[in-house]
Number of protein chains: 2
Amino acid sequence: MPILKLFELAGSDPNRKFSPFAWRTRMALAHKKLAFESIPWRFLDKDAISASGQTKVPVLVDGNQWIFDSWKIANYLEDLYPNTPSLFGGNSARGLSVFYNHLADGIVSQIFSFVADDIPNILEEKDREYFVRTREEFLGQSLTEFASNKAARLPKFRENLNLLRKTLTNQEYLAGNSPLYPDYAIFGAFQWARSVSTFVLLEKNDPINTWLDRLLNMYEEEINKSPRFY
Amino acid sequence: MPILKLFELAGSDPNRKFSPFAWRTRMALAHKKLAFESIPWRFLDKDAISASGQTKVPVLVDGNQWIFDSWKIANYLEDLYPNTPSLFGGNSARGLSVFYNHLADGIVSQIFSFVADDIPNILEEKDREYFVRTREEFLGQSLTEFASNKAARLPKFRENLNLLRKTLTNQEYLAGNSPLYPDYAIFGAFQWARSVSTFVLLEKNDPINTWLDRLLNMYEEEINKSPRFY
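Residues numbered from 1 in each chain as written. Chains lettered and ligands numbered in written order. Predicted model: local features only at pLDDT ≥ 70, side-chain atom pairs only at ≥ 80, totals over all residues. Heavy atoms only, no water.

I tried to follow the relation of the copies chain A and chain B on my own but got confused; where do I start?
Two chain copies here: they are related by a rotation about an axis and a translation along the same axis. The operation relating chain A to chain B is a screw motion whose rotation component is 180°, with 0.0 Å of axial translation and a residual RMSD of 0.0 Å. Here the two chains are linked by the operation of a two-fold rotation axis. In terms of proximity to the rotation axis, the leading residue of chain A is Ala93 of chain A, whose C-alpha is 2.1 Å off the axis. In this assembly, 100% of the residues forming the interface of chain A have copies in chain B that are likewise at the interface, indicating an isologous arrangement. (Least-squares fit on C-alpha atoms with pLDDT ≥ 70 in both. Contact = heavy atoms within 4.5 Å.)

Explain the interface of chain A and chain B to me, please; I cannot follow it from the model alone.
Interfaces are often sized by the amount of accessible area the parts lose when they come together. With 23 residues of chain A at the interface, the matching set in chain B holds 23 residues. Between chain A and chain B lies a buried interface of about 2,000 Å² when both sides are counted; carbon and sulfur atoms form 72% of it. In terms of surface lost to chain B, no three residues of chain A exceed Leu96, Phe99 and His102 of chain A, which account for 35% of the buried area on that side. For the pair chain A and chain B, the number of links is 0 salt bridges. (Buried area = accessible area lost by both parts, 1.4 Å probe. Salt bridge = Lys/Arg side-chain N within 4 Å of Asp/Glu carboxyl O.)

What is the right way to look at the environment of His102 of chain A in this model?
Mapped onto the fold, His102 of chain A is located in helix α3 (residues 91–115). Sequence spacing of His102 of chain A and Ser195 of chain A is 93 residues, and the spatial spacing of their C-alpha atoms is 21 Å. Apart from the residues within four sequence positions on either side, His102 of chain A is in contact with Leu163, Lys166 and Thr167 of chain B. (Helix = DSSP H or I, 4+ residues; strand = E, 2+ residues; numbered from the N terminus.)

What is the right way to look at the sheet that holds strand β2 (residues 36–41) of chain A in this model?
Sheet strands associate in pairs through backbone hydrogen bonding, adopting either a parallel or an antiparallel arrangement. All names here are of chain A. Strand order in this open sheet of 4 strands is β2-β1-β3-β4, and the pairing throughout is mixed. Both outer strands of the open sheet, β2 and β4 (65–67), are each paired with one neighbouring strand and no more. Ignoring which end each strand starts from, the neighbouring axes of this sheet average 20° apart. Pairing of strand β1 (residues 4–9) with strand β3 (residues 59–62) involves 3 bridges; the strand directions are antiparallel. Counted as the bridge partner of Phe7 is Val59 from β3. The sheet contacts of helix α1 (residues 20–31) involve β1, β2 and β3, and relative to β1 the element is tilted by about 150°. The strands touched by helix α2 (residues 70–80) are β1, β3 and β4; relative to β3, the strand with the most contacts, the crossing angle is about 30°. (Pairing = 2+ DSSP bridges. Axes fitted to C-alpha atoms, helices over the stretch in contact; angles between N-to-C directions.)

What is the right way to read the sheet that holds strand β2 (residues 36–41) of chain B from this model?
All names here are of chain B. Spatially, 4 strands are ordered β2-β1-β3-β4 in an open sheet, and the strand pairing comes out mixed. In the strand order of this sheet, the two ends are held by β2 and β4 (65–67), each with one partner. Along the sheet, successive strands turn relative to each other by an average axial angle of 20°, direction set aside. Pairing between strand β1 (residues 4–9) and β2: 6 bridges, direction parallel. The partner of Phe7 across the bridge, within β2, is Ile39. Across the sheet, helix α1 (residues 20–31) is in contact with β1, β2 and β3 (59–62); its angle to β1 comes to roughly 150°. The strands touched by helix α2 (residues 70–80) are β1, β3 and β4; relative to β3, the strand with the most contacts, the crossing angle is about 30°.

I keep staring at helix α3 (residues 91–115) of chain B and nothing clicks. Help me out?
In this model, α3 of chain B (25 residues) spans 35 Å end to end at C-alpha, consistent with the 36 Å of a helix rising 1.5 Å per residue. Of all the bends in α3 of chain B, the largest measures some 30° and sits at Ser97 of chain B. (Expected span 1.5 Å × (residues − 1). Bend = angle between axes of the 7 residues up to and from the residue.)

Help me understand the confidence of the model for chain A, please; the structure alone is not making it clear to me.
The predicted coordinates of low-pLDDT regions are not to be read in fine detail. On average, residues of chain A carry a pLDDT of 97, and 99% of them reach 70 or more. Taken over the whole predicted complex, pTM reads 0.96, whereas the ipTM for its chain interfaces reads 0.94. (pLDDT = per-residue confidence, 0-100.)

Quick look at the structure:
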């Protein structure tokens, strides 16, 4: 069996993995106990992943197979490595995971407005210029403007997480007694946030925070390989 | 095996079942192909369900067992009738269904502000006075005020359903290729709406509407027993 390779977005510190989507894959691989070689990737390293036919990470390389994006990688791992712990817990749960995947994407979008102005600080210089220019073009405003008024916007952000909070008040993981891909997908959003910014999104005693800590303890070794701010 | 009995909220037409929560149970029973006797219940029939120890429906009676609320009933049916079609599709999917159940509750809350002023019209006279008085006390305003400006609020309501819409654009049911309890929980909210009000919440070609029609076709006989406005 060839060693899996994972291209993951990294900061100026190559150990700082900070893509919310690559975190989904990293956790999925950890869940399935699949060893992999992590390849730090920067925004401008388009050539390194050109065999995948596109320009974004995470990209998984399995022998001569190049797989992207995070959702496709999760399904690939589940189907191609059926003798490792199930990432979805059956076909019904896999179906129900699709909504959670979109939910995680939505949380990423919301979090971006709280951490966007901090991201340049953790990037290599070349990437920094690229990141700031492309994002500001997309947003039509500066990252500083986009990420202003954080404290005022925070209560609404927290309120938007109420259903998640309610769920995690009564059970340990989104999937029940043990975590599955939906847990990792949403974990990725918050792990990204604390990998790029000191801005604390959740109250300490928030059940969502307790759940993040639970995942952190369960995957301590894997998660601690990448620096984070809190 | 004693016949299951289900107390369901009914309008002046005893066939009009309109509780969003009782619809979850009705669909769960249909899914599990469990025959049941439906007992029309009105808000003031507190005595009829006093053996359940509380004052709300749905209440399921199975022999000498009285079970409420809709989530507990779903779990009861799944555990006590394991040889009927699974309502959750396994323990992982059951865990993942909790969030959907909260999501359905949230949609019910949102829909209430669009249909609240129409509900009195479908109620028996005694229930009507009770419903209007208790709800207006709770809301601190008249049902008419509470449900005003529907057209102006509708785009935001529809936007709030974007993740659901995105999911149902790419798969037939929330659970994938066939429906499970999360589908029924959210179905219940919309079925309630069209059982009490002529106000149309979704655009005709909305993927959520297509999904509702799919469920309607699948459970046509059961659903058509209760009148609806559209």
